[in-house]
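What follows is the residue order along each chain.
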Amino acid sequence: MTTAFTLVQLSYFSAVARLENMTAAAAELSVTQSTLSSAISQLERELAVELFTRDRGRGLQLTPAGRTLLARGPALLEEAELLATSVRSASAALSGELTVGIYAPLAPFRAPEILDRFEAAYPDVQLTFFEGDQGSLQDALHDGRCEVALMYDLGVDHRFERTVIDRVPPHVIVPEARAQALAGRSVVSLREFADEPFILLNLPHTGDYYLRLFRQLGLEPRIRHVSLGYETVRSYVARGHGYSILNQWLDQSLTYSGKRVIPLRLSDEFPPTEVSLVQRRDISSTRKAQAFIETCRDIYAGRTRSSTPSIGDNETSH
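Model, not experiment: these values are computed from the prediction. (Residues numbered from 1 in each chain as written. Predicted model: local features only at pLDDT ≥ 70, side-chain atom pairs only at ≥ 80, totals over all residues. Heavy atoms only, no water.)

## Description of the overall build of the protein chain
A count of helices and strands for the protein chain gives ten helices and 15 strands. Pairs at least 24 residues apart make up 72% of the contacts formed inside the protein chain by residues separated by at least 6 positions. (Helix = DSSP H or I, 4+ residues; strand = E, 2+ residues; numbered from the N terminus. Contact = heavy atoms within 4.5 Å.)

## Here we look at the pattern of salt bridges
The tally for this structure, following the rule as stated, stands at 14 salt bridges. Among the salt bridges present, the one from Arg145 reaches Asp143, with a minimum N-O distance of 3.4 Å. In this structure, the salt-bridge partner of Arg178 is Glu196, at a minimum N-O distance of 2.6 Å. Of this pair, Arg178 sits in helix H7 (residues 176-181) while Glu196 is found in the loop between strand E8 (187-188) and strand E9 (197-201), placing the two residues 18 residues apart along the sequence. Its relative accessible area of 22% is what places Glu196 among the partly exposed residues. Salt bridges sharing partners connect three or more residues here, namely Arg18, Glu28 and Glu97. (Salt bridge = Lys/Arg side-chain N within 4 Å of Asp/Glu carboxyl O. Buried < 20%, exposed > 50% of the residue type's maximum accessible area, 1.4 Å probe, protein only.)

## Thoughts on unusual backbone geometry
At Ser30, a residue that is not glycine, the phi angle is positive and equals roughly 60°. With respect to the secondary-structure elements, Ser30 resides in the loop between helix H2 (22-29) and helix H3 (33-47).

## What about the pairing of strand E3 (residues 96-103)?
Bridge analysis of E3 against strand E4 (residues 125-132) gives eight bridges, and the strand direction is parallel. Counterpart to Ile102 in the pairing with E4 is Glu131. Handedness of the E3-helix H5 (residues 107-121)-E4 crossover: right-handed. (Pairing = 2+ DSSP bridges. Right-handed = clockwise from strand over helix to strand, strands pointing away.)

## A few points about H2
Taken residue by residue, H2 has Met22, Ala25 and Ala26 as its buried positions. Summarising the axial view, the buried residues of H2 lie within an arc of 100°, below the 170-degree limit, and thus occupy one face. Close packing links the buried residues of H2 with helix H1 (7-19), H3 and strand E2 (59-62). The backbone nitrogen of Thr23 lies 2.9 Å from a side-chain oxygen of the residue at the head of H2, namely Asn21. Positive phi shows up at Ser30, right after H2, with a value of about 60°. (Arc of directions from axis to C-beta. Polar contact = N/O pair within 3.5 Å; in protein donor to acceptor, adjacent residues only side chain to side chain.)

Keep in mind these values describe shape, not function.
Pasting the structure below:
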């Protein structure tokens, strides 16, 4: 027997799940809170599951069933939108909201360009970025808070499929004075810095990746500072507190500290970090998510590589 929930109920549920607050969702949807609460209760009865736990201290929290519905609901709502559009013989242009994940250190490099390109091509889609580390992005993908994420390959587990769109080798950054002492050399070995203080970008999975590079050479870094902030690391280095290893390449660039860091290529044969588009394996992409994926592919495929020592190659990894 077909379950008789409505698209309105599903749409209301999606708003409440996204905002985790019944009052805020009612205001956004321009309906009364009692109407919204009644719709959610009817949806739970039709599905014979509890979608939220209601804790006075923590507010509304999604149950496992609620997380599954939130992950799968957007595709159904979009398909219904397209059906209505085709019946009316109107334009099939994409519209609505799309939330995508992006690895925080990648965001300042890529998010503005992606937003420009995407909004120009799909002006009726409201694109929102969810920034996070590798772990929080996987959680957001699994819970349905975002449909696709642009992130590194580090720590991506079997629940997800990833499409590699770039490979970015690690490089060293040093303060200007240290670069001058190298007499114009632009390629160095990590071994040359073994006795110098190291500034570690220690985001989940990322920090482990950098420390493995030292172990590969049988080295132990002299960690002087540890930070979760990409720009904090660069500023420490610019002020002469040590050197660091990063992946996203910027030419001699000013930091928030007012001083510059100099990037140097590494001669050591280190594995590059793979920039990937990551999605849940068990959920089909909506057309909006697929449009985002194609936008990212176009940007990475067409960008100038003359100043960036990355290894461009597209492949799908399972």
